[in-house]
Structure formats: C-alpha cells, structure tokens
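# Secondary and tertiary structure notes
Listed below are the residues making up each chain.
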Amino acid sequence: MDSQNLSMVDVLEKDKNFRVISFYNNIFTEVPKFIWKHKDLRILNLGGNEIKVISKKIGGFQKLRMLDLGHNQIKKIPNEIGQLKSLDGFLYLSNNRLKELPDSICELKKLRYLNATDNQLTELPKEIGKMKKLVEFRFYNNRIANLPKSIINLSKLRELHLMNNALRFLPEKFGKLGALRILDLEKNQIEKLPESIGGLKKIRIFNLRFNKIISLPESIGKLTSLIYLDLRANRLETLPKSILKLKKLEKLDLRWNNNLKIPKWIFELEKRGCVVYF
C-alpha cells in the first residue's frame, strides 16, 4: 500500500480486521475516513503524505503500538494522542509544521522512541519526564530554548538528539540521565555545562560542537565510558586536566577554539592512542 499503490483501499473499506495499515509516501491531503473504523490497528503509517489535520478520532486506536505521521504538513497534534496507552514502539512526528506538542503526549508512558525533528517547536511539555520508558528521543532542527526539569526522570534514555535548537543551558541535575550513551547538542547556544554532567557514566559519544562554551567542569573526567568528545567551534580558553581520566577516549576534537591554550598534558592522550585535533 506504499508509494501510491492504492489498490487495497476498497479491501480496507470492507474488511475491518487489519492490524497493519501503511499508506506511506502517497498523495493524501487528509486521513482516509475508513481508517477510523479499524479500531484494532497495531501499526498505522501515514508518513510522507500531504496531510494537514489529524482528527480527534486518533484517540480511538486503543491497541495501536506504532504511529507514523512524519513528513506531512500537520500543524497541531490533538490532545487525544494521549489516549494511545498501548503505544510502546515508535511515534514519528518529524518534518511537519508543529509549533507545540500537547501535554497529553506525556501520558504515553510505554513509548520507547519519540521523533519530532524538523518542526518549529519552541519548548517541550513540562511533564515529559513521565515517559519513563523512552530509550531514544530525537528533537533536532527545532527552536527549543529550554529543557523541562522533569527530563532528568527519563532513567532509561540512551540517545538524546537535540542539535540545531536554541538551548543556552542544561538542567542543573542533568547528570541523572545515567543511561545515556549518545548526547548530541551540536549547534545550540550553550555557554556552560552543569557540574552534574559527570553523572553520565555510560555516555560514549558527546557532541558539543558549535556552541559558546568557555570552560568545562572538572567532572567531565568522570565520563569513564566516553569514546568521542567533539568540542569544535566553541569559545574554550582552558581545559580541565581531569580529561586525562578518560581512559577509553579515542577521539578529542578541539578545532576552531581560537582562544584555547593547548596544555602540555594533552600529548599524554596522544601517547596512549587518542586522536586529538586542535
């Protein structure tokens, strides 16, 4: 049923026993009305169309486990999205025209993957921390200026992708996200990292390039699982010697920090096999 193959529409209108419906990459400007009759759906893929409006009827899919609304022209997600209590796989909202998300989205407490990249979002719902099953969170290419304090409650979160937003700082207790493996904060306005950042014991990839950071906290040396640290194009003037404690570090990129004084101890990293660019 993908890619403009609409030959199954007649069948779907008559047979309500389908568990999976995919109309990915077609030319729909609205959700076909017959879809709302399929209450037992587990997977619904409407991505890659030209849909502008999502009906409140979306809340009727009580058994839905995966929903793709990405790559459309949707401006608003109805509050009824929070009624999808069985949604435990993926929710794709990327590449739409969203300026906000309803608070009710935080009721999706089984959801593991949330993607709302390439929209016009300026903030996240305050209770985002209630979505404690989240493992991967992608919100890059938006206009988000602040992260809600509750985000630190996402104890299972492994990947957090927030590049190209408007963040100036992170929550003070950000280090409580102890399960993080990948943290991408490229192209924000971050000036300072909280001391709690040292709590990210499992982080492997940390991307901070194109921010406004002048110095790093000593606690950066506690990121003992870190493999790659990208600090390109910041405003660094000094580096904490605690970086030497990063025994697993394989690559450290310091380029385009014009005021940075390279410490002599940096060559100790190179001697043990870490590639350093400056």
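Everything discussed here concerns the structure shown above.
Everything in this summary refers to the structure shown in the same document. Each chain has its residues counted from 1, following the order in which its sequence is written. It should be noted that, the model being predicted, local features are given only for residues of pLDDT at least 70 and side-chain atom pairs only at 80 or more, the latter also being counted only at that level, while totals for whole chains, interfaces and linings use all residues. Neither water nor hydrogens contribute to the side-chain values; these are computed over all heavy atoms in the structure.

In this structure, alanine 233 takes a positive phi of about 55° despite not being glycine. Secondary structure counts use DSSP, requiring at least four H or I residues in a row for a helix and at least two E residues in a row for a strand, with both numbered from the N terminus. Of note, alanine 233 is situated in the loop between β10 (228–230) and β11 (251–253). Exposed residues in this analysis have more than 50% of their type's maximum accessible area, buried residues have under 20%, and partly exposed residues fall in between, with area computed by a 1.4 Å probe over protein chains only. The class of alanine 233 is buried, set by a relative accessible area of 15%. One non-glycine residue, tryptophan 256, lies in positive phi territory at about 65°. Take tryptophan 256: it is sitting in the loop between β11 and α2 (266–271). On the basis of relative accessible area, tryptophan 256 is assigned to the partly exposed category, the value being 49%.

Right, let's get into the nonpolar core. Nonpolar core, defined: a set of buried Ala, Val, Leu, Ile, Met, Phe, Trp, Tyr and Cys residues in which side-chain atoms within 4.5 Å join the residues together. Ranked by size, the top nonpolar core spans 83 residues in total, and within it Phe206 and Leu252 carry the most contacts. Throughout, a residue-residue contact means that at least one pair of heavy atoms, one from each residue, lies within 4.5 Å. Discounting chain neighbours no more than four positions away, the residues touching leucine 252 are Leu229, Leu231, Ile243, Ile266, Leu269, Cys274, Val275, Val276 and Tyr277.

This next bit is on the pattern of salt bridges. By convention in these notes, a salt bridge is any Lys or Arg side-chain nitrogen within 4 Å of a carboxyl oxygen on Asp or Glu. With the rule as written, the count across this model stands at twelve salt bridges. For aspartate 230, the salt bridge goes to arginine 209, with nearest N and O atoms at 3.6 Å. Of the two residues, aspartate 230 sits in strand β10 while arginine 209 sits in the loop between β9 (205–207) and β10, which places them 21 residues apart along the sequence. Each of Glu186, Arg209, Asp230, Arg232, Asp253 and Arg255 takes part in salt bridges that share partners, so that together they form one network.

This paragraph deals with the environment of leucine 41. Relative to the helices and strands, leucine 41 resides in the loop between β1 (20–22) and β2 (43–45). Residue leucine 41 is classed as buried on the basis of its relative accessible area of 0%. For leucine 41 and proline 263, which are 222 residues apart along the polypeptide, the C-alpha to C-alpha distance reads 60 Å. Sequence-distant contacts of leucine 41, defined by excluding residues within four places in its chain, comprise Phe18, Arg19, Val20, Ile21, Ile35, Phe61, Lys63 and Leu64.

Only Phe, Tyr and Trp rings are paired, with Trp represented by its six-membered ring, and only when their centres lie within 6.5 Å; those with planes under 30 degrees apart are stacked, over 60 edge-to-face, the remainder tilted. The final tally for this structure, using the stated rule, is nine aromatic pairs. Aromatic side chains phenylalanine 23 and phenylalanine 28 sit 5.1 Å apart centroid to centroid with 75° between the ring planes, which places their arrangement in the edge-to-face category. For phenylalanine 23, a relative accessible area of 0% puts it in the buried group. We call a charge positioned over a ring when the NZ of a Lys or the CZ of an Arg lies within 6 Å of the ring centre and within 35 degrees of the ring normal. Seen from the ring of phenylalanine 210, lysine 187 lies directly overhead, with NZ or CZ sitting 6.0 Å from the centre. Against the face of tyrosine 277 rests arginine 255, its NZ or CZ located 5.0 Å from the ring centre.

Right, let's get into a negative patch on the surface. To count toward a patch, a residue needs a relative accessible area above 30% and no salt bridge. Like charges then connect within 9 Å, nonpolar side chains (Val, Leu, Ile, Met, Phe, Trp, Tyr) within 5 Å. We get accessible surface area from the Shrake-Rupley algorithm with a probe of 1.4 Å; when it comes to residues, only the shown protein chains can shield them. His is not counted, nor are the chain ends, whereas Lys and Arg count as positive and Asp and Glu as negative. Note that the charge is assigned to NZ on lysines, CZ on arginines, CG on aspartates and CD on glutamates. A cluster of acidic side chains, namely Glu100, Asp103, Glu123 and Glu127, defines a negative patch on the protein surface. Glutamate 127 gets classed as partly exposed once you look at its relative accessible area, which sits at 46%.

Two strands form a pair only when DSSP identifies at least two bridges running between them. One open sheet holds the twelve strands; their spatial order is β1-β2-β3-β4-β5-β6-β7-β8-β9-β10-β11-β12, and the pairing between them is parallel. Bordering the open sheet on either side are β1 and β12 (275–277), each of which pairs with just one other strand. Averaged over neighbouring strand pairs, the angle between their axes works out to 5° when direction is ignored. Sheet topology places β1 next to β2; three bridges connect them, and they run parallel. Bridge assignment links serine 22 to a residue of β2, and that residue is asparagine 45. Think of each axis as a best-fit line through the C-alpha atoms, taken over the contacting stretch in the case of a helix, with angles from 0 to 180 degrees between the N-to-C directions.

Time to look at the environment of lysine 201. Note that lysine 201 resides in the loop between β8 (182–184) and β9. A C-alpha to C-alpha distance of 29 Å links lysine 201 and tyrosine 92, two positions 109 residues apart in sequence. Apart from the residues within four sequence positions on either side, lysine 201 is in contact with Lys222, Thr224 and Ser225.

A surface patch of nonpolar side chains, about 270 Å² in accessible area, is lined by Ile262, Phe267 and Phe278. Summarising the element assignment, isoleucine 262 is placed in the loop between β11 and α2.

We now examine a positive patch on the surface. A surface patch of positive charge is lined by Lys52, Lys75, Arg97, Lys99 and Arg143. By the element assignment, arginine 97 lies in the loop between β4 (90–92) and β5 (113–115). Judged by relative accessible area, arginine 97 falls into the partly exposed class, the value being 39%.

As far as function goes, none of this settles anything; it's purely spatial.
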